[in-house]
Amino acid sequence: MISHTIVLVSLILISFTAVVSAGSFYQDFDIKWGDGRAKILDSGKLLTLSLDKASGSGFQSKNQYLFGKVDMQLKLVPGNSAGTVTSYYLSSLGSTHDEIDFEFLGNLSGDPYVLHTNVFTQGKGNREQQFYLCFSVDGTPIRQFKNMQSNGISFPKDQPMWIYSSLWNADDWATRGGLVKTDWSQAPFTASYRNFNAQACIWSSSSSSSSCSSNNPANNSWLSESLDSTGQERIKSVQKNYMIYNYCTDLKRFPQGLPPECSSA
């Protein structure tokens with residue numbers, strides 16, 4: 001969940017924060033690519049993406065969102081998923097875009113997925129953190145990106161973003177740095193999506209405003225959500241036990257000094 005400062009992820013439940021009620025995939029998303037490899041099924045309650053050697057597939061939300069809380073249940077590629085990436089992210093467009101990434105990097109059967117996260121502000125990324133997925137992490141915060149604009153650090157709050165998801169082949173880097181390649185004898189690979197729900201500010205390009213501008217503040221209580229002391233402790237625990245890479249500790253990558261937001265990360 002992103003509620004201005006928080007990114008929350010779970011084993012099969014992803015929550016961003018970027019007001020809408022649960023609908024159907026027909027209503028909320030467009031299939032953007034894949035030549036029939038993406039399908040909306042079960043009267044709009046299920047969406048599947050598939051990947052074979054010829055192509056992957058992907059979808060995009062019909063709406064743009066400025067702030068909010070967005071939930072999606074995601075079933076990752078089962079079995080030997082090495083080389084595949086299932087991405088789920090928020091992004092605006094352009095060279096100075098904002099973006100909040102979750103990328104699930106496949107692995108050999110029996111090994112855990114690696115969750116790759118990143119945050120782009122004004123076109124600048126390079127803020128990667130990676131985690132091993134663990135059991136019973138639904139609703140547990142794993143990462144926080146604070147608003148430090150007062151210190152000259154840009155923050156993704158002004159550009160409305162679409163929700164995207166795609167399933168694609170990245171065996172040049174995704175699994176053990178590209179050492180393990182995709183086993184195409186296992187194709188097609190499939191990821192499944194259910195129960196999309198958004199409590200979010202829908203952006204209107206025609207009026208250059210969001211739906212939250214005119215809503216009753218009582219209905220937008222999520223706008224003031226923040227991590228309490230329990231949430232902070234849970235983040236520390238997850239990062240201690242499951243984080244496998246943090247750009248804020250990579251001194252070799254940043255020999256001239258760590259990025260400024262790392263001082264309070």
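The chain appears in an unreviewed UniProt entry as Xyloglucan endotransglucosylase/hydrolase from Actinidia rufa. Listed under Sequence similarities (unreviewed entry) in UniProt, the entry text for the chain is "Belongs to the glycosyl hydrolase 16 family." Reading the Function (unreviewed entry) entry of the UniProt record for the chain gives the comment "Catalyzes xyloglucan endohydrolysis (XEH) and/or endotransglycosylation (XET). Cleaves and religates xyloglucan polymers, an essential constituent of the primary cell wall, and thereby participates in cell wall construction of growing tissues."

**Side note on the pairing of strand 9 (residues 114-120)**
Most of strand 9 sits out of view: seven of its seven residues are buried. Here strand 9 shows a buried face lined by Val114, His116, Asn118 and Phe120 and a second buried face lined by Leu115, Thr117 and Val119. Note that strand 8 (residues 99-105) and strand 9 share seven bridges and pair antiparallel. Residue pairing across strands places Ile100 opposite Val119, the latter belonging to strand 9. Pairing of strand 9 with strand 10 (residues 129-132), which is carried by four bridges, proceeds in the antiparallel orientation. Note that in strand 10 the partner of Thr117 across the bridge is Gln129.

**Considering the side chain of Ser87**
Relative to the helices and strands, Ser87 resides in strand 7 (residues 84-91). By relative accessible area, Ser87 is classed as buried at 2%. Within the structure, Ser87 has its side chain in polar contact with the side chain of Ser166 (distance 2.7 Å). Residues within four places of Ser87 in sequence aside, it is in contact with Phe102, Glu103, Tyr164, Ser165, Ser166, Trp168 and Tyr193.

Calculation notes
- Residues numbered from 1 in each chain as written.
- Predicted model: local features only at pLDDT ≥ 70, side-chain atom pairs only at ≥ 80, totals over all residues.
- Heavy atoms only, no water.
- UniProt positions renumbered as here; feature names shortened; annotations may be inferred.
- Buried < 20%, exposed > 50% of the residue type's maximum accessible area, 1.4 Å probe, protein only.
- Helix = DSSP H or I, 4+ residues; strand = E, 2+ residues; numbered from the N terminus.
- Pairing = 2+ DSSP bridges.
- Polar contact = N/O pair within 3.5 Å; in protein donor to acceptor, adjacent residues only side chain to side chain.
- Contact = heavy atoms within 4.5 Å.

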